[in-house]
Amino acid sequence: MTEQTGEHGIIKSEEMLLNMGPQHPSTHGVLRLKITTDGEIVSKIEPVIGYLHRCFEKHCEHLTYEQIIPYTDRCDYIASMHMDHAYVLAMESLMDIEVPDRVSYIRIIVGELQRIASHLVALGTFGLDIGAITPFTWMIRDRERILDLFEYLCGARLLYNYIWIGGVSHDLPPKFIDRTKDFIDYFKPQMDEFDQLLTFNKIFIERTADVGIMPPEVAINYGVTGPSLRGSGVKWDLRKNEPYSLYDRMEFDVPVGDGRMGSVGDCWDRYWVRMLEMRESVRIIDQALKDIPPGDVKAAIPKRIRPPKGSIYTRFETARGEAGFYIISNGKNIPTRLKMRSPAFCNLSVISEIAEGWMLSDVIAILGSLDIVLGEIDR
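Keep in mind the model is a prediction, meaning the values are calculated, not measured.

Caption draft 1: Examining the environment of H28 more closely. Mapped onto the secondary structure, H28 falls in the loop between β3 (16–20) and β4 (32–38). For H28, a relative accessible area of 19% corresponds to the buried category. Remark: the alpha-carbon pair of H28 and Y77, spanning 49 residues in sequence, is separated by 12 Å. Residues within four places of H28 in sequence aside, it is in contact with T125, D129, G368, I372 and L374.

Caption draft 2: View of the nonpolar core. If you look at the biggest cluster of nonpolar residues, it comprises 113 residues, and the most contacted ones within it are Y87, Y162 and I165. Broken down by element, this core gets its largest block of residues, 12 residues, from helix α4 (residues 101–129). Beyond its immediate sequence surroundings of up to four residues, Y87 is in contact with Y65, I68, I69, T72, I165, F325, I327 and L338.

Caption draft 3: Here's a closer look at the pattern of salt bridges. The final tally for this structure, using the stated rule, is 30 salt bridges. For K202, the salt bridge is made with E206, and the minimal N-O distance between the two is 2.6 Å. With K202 and E206 both in helix α7 (residues 202–208), this residue pair falls 4 residues apart, about one helical turn. E206 gets classed as exposed once you look at its relative accessible area, which sits at 54%. Of the charged contacts in the structure, one is a salt bridge between D371 and R274, with a shortest N-O distance of 3.9 Å. Separated by 97 residues along the polypeptide, D371 in the loop between α14 (360–370) and α15 (374–378) and R274 in helix α11 (residues 267–291) bring together distant segments of the chain.

Caption draft 4: Highlighting empty space enclosed by the protein. As enumerated under the stated definition, the model contains 1 cavity of 30 Å³ or more in all. Estimates place the volume of the largest cavity at around 40 Å³. Around the largest cavity, the lining residues are A122, L123, F126, R270, Y271, R274, G368 and S369. Elements with a contribution of two residues or more to the lining of the largest cavity: α4, α11 and α14. Taken together, the residues of the lining of the largest cavity sort by class into 4 nonpolar, 2 polar and 2 charged.

Caption draft 5: How the structure looks around the pairing of strand β10 (residues 337–341). The alternating pattern of β10 places L338 and M340 on a buried face, while none of R337, K339 and R341, on the opposite face, is buried. As paired strands, strand β9 (residues 322–329) and β10 are joined by 5 bridges and run antiparallel to one another. Among the inter-strand pairings, I327 is bridged to a residue of β10, identified as L338.

Cut-off values and rules
Residues numbered from 1 in each chain as written. Predicted model: local features only at pLDDT ≥ 70, side-chain atom pairs only at ≥ 80, totals over all residues. Heavy atoms only, no water. Helix = DSSP H or I, 4+ residues; strand = E, 2+ residues; numbered from the N terminus. Buried < 20%, exposed > 50% of the residue type's maximum accessible area, 1.4 Å probe, protein only. Contact = heavy atoms within 4.5 Å. Core = buried A, V, L, I, M, F, W, Y, C linked by side-chain atoms within 4.5 Å. Salt bridge = Lys/Arg side-chain N within 4 Å of Asp/Glu carboxyl O. 1 Å grid on protein atoms, 1.4 Å probe; cavity = no way out; pocket = protein on both sides within 12 Å on 5 of 7 lines; lining within 4 Å. Points joined across faces, edges and corners; volume = space filled by probe spheres on them. Nonpolar A, V, L, I, M, F, W, Y, C, P; charged D, E, K, R; others polar. Pairing = 2+ DSSP bridges.

As structure tokens, then:
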């Protein structure tokens, strides 16, 4: 055995350095993984990011507070409603704005529809990564139904600019509630079909159970949040633990991984938590549609957005985990400083801890189970 020292450190003669990405469908965006392999076994893995960097945070320091919302849309472009909601919650806390109940209910409805749409992409592409094509086509079909609702709501299917500081851009269209109810009635039996098609498929279980195990202490130490944390058995969800936007009025459970098919915190558990979360989102939407009150959705929108001097940090439970916005105001209409916590950034950081020692094909499954979006990682 010989060793060679290069720019990537010491590489043994029987090892090979491989690059997966940034042009690779299983990296879920422009992500590059530097992988050192000994045969089929991964001995070292290093994620390389920055290919999508757009200077979001620094750019926001040259925009008015209203102009920032279309740019938060582009951070997590799979769940844009969540990014907008997270940002405006920070601004409303900084400006001490209390929105009408109708606005909060509308935000909950579109937020949970967005959570379902995001999880459908996560679960469909996860199955696709390990060879299951049909579930992807079925889940994208149902995601399109949600995007049809969003298009009816605000005219956009990806980047919405709908949730504004103090309210929303406009009220629900006349038939939106009825169309949403029709979708929920259609979608409930679809989730059972997804379970029959993929969740309890023998091959899928063998590829994901006992693979990429993330113990709860590892998840916490790396700052992992969202379904990836709950997949490790940690029952933490900001909608339940630190409620915002009237989530404290909603009855829903927080699913956690229980090692049903293997070990707690494996790839299957992270998948299963997202499947269960879609069912809980349906419960929340049902309640919100039933209880939504009348009211003015623009009553609390200020004519001039000039927050007082000070700073604020707020957290929000997105489809990928805890997004946070830290804003410093000097009393003008442009922020002095804006910083965003990306849940996918922290979730990706754990991959070297849970993927080393597995086979190369398992790395694909482990990365897919983390459900990353490079738009918010690189910002």
